[in-house]
Amino acid sequence: PLIKGAREAIIQLDQYYDLYFLSTPMWEVPESFMHKRLWLEKHFGSIATKKLILSHRKDLNLGKFLIDDRLHNGAAEFTGYHIHFGSEKFPDWKTVLNFFIKSK
């Protein structure tokens, strides 16, 4: 299921940033690649069109920010600013949005 506030936050952030969805599929389950894309389409529609990057090493991708709820698969080594979603500093989407509003 979609985390509370996620859709609204992504819609707002999409107005100011060139967003991409970076995810790690289950490599042993090829269907997971397709299911991730279908899930994005279901919840974010055209915002997610041609914006999905699948990688087991998130630190190999370039960007200023990475919002991720985990530290695995290169998220902790990301060279930009890692927003650790669900952490004490960024517990929810409201807090994440406030961070970006202050950064503007």
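A brief report on the enclosed structure follows. (Residues numbered from 1 in each chain as written. Predicted model: local features only at pLDDT ≥ 70, side-chain atom pairs only at ≥ 80, totals over all residues. Heavy atoms only, no water.)

**What about the overall build of the protein?**
Counting its secondary structure elements, the protein contains three helices and four strands. Taken from the N to the C terminus, the helices and strands of the protein come in the order α-β-α-β-β-β-α. The C-alpha atoms of the protein give a radius of gyration of 14 Å, which matches the 13 Å a tight globule of 104 residues would have. On the principal axes, the C-alpha backbone points of the protein span a range of 40 × 30 × 20 Å. (Helix = DSSP H or I, 4+ residues; strand = E, 2+ residues; numbered from the N terminus. Rg over C-alpha atoms; globule rule 2.2 N^0.38 Å.)

**Looking at the nonpolar core**
Core analysis: the biggest nonpolar cluster contains 17 residues, and Ile 10, Leu 13, Phe 21, Phe 44, Trp 93 and Val 96 have the highest contact counts within it. Only helix H1 (6-14), helix H2 (31-44) and helix H3 (93-103) provide two or more residues apiece to this core. Excluding anything up to four places from it in sequence, Trp 93 contacts Ile 3, Lys 4, Gly 5, Ala 6, Ala 9, Ile 10, Leu 13, Ile 67 and Phe 85. (Core = buried A, V, L, I, M, F, W, Y, C linked by side-chain atoms within 4.5 Å. Buried < 20%, exposed > 50% of the residue type's maximum accessible area, 1.4 Å probe, protein only. Contact = heavy atoms within 4.5 Å.)

**Structural notes on the side chain of Lys 58**
Assignment of secondary structure puts Lys 58 in the loop between strand S2 (52-54) and strand S3 (65-68). The exposure class assigned to Lys 58 is buried, which follows from its relative accessible area of 8%.

**Digging into the pairing of S3**
On S3, burial follows the alternation: Leu 66 and Asp 68 on one face are buried, whereas Phe 65 and Ile 67 on the facing-out side are not. Across four bridges, the pairing between S3 and strand S4 (residues 81-84) is parallel. Residue pairing across strands places Leu 66 opposite His 82, the latter belonging to S4. (Pairing = 2+ DSSP bridges.)

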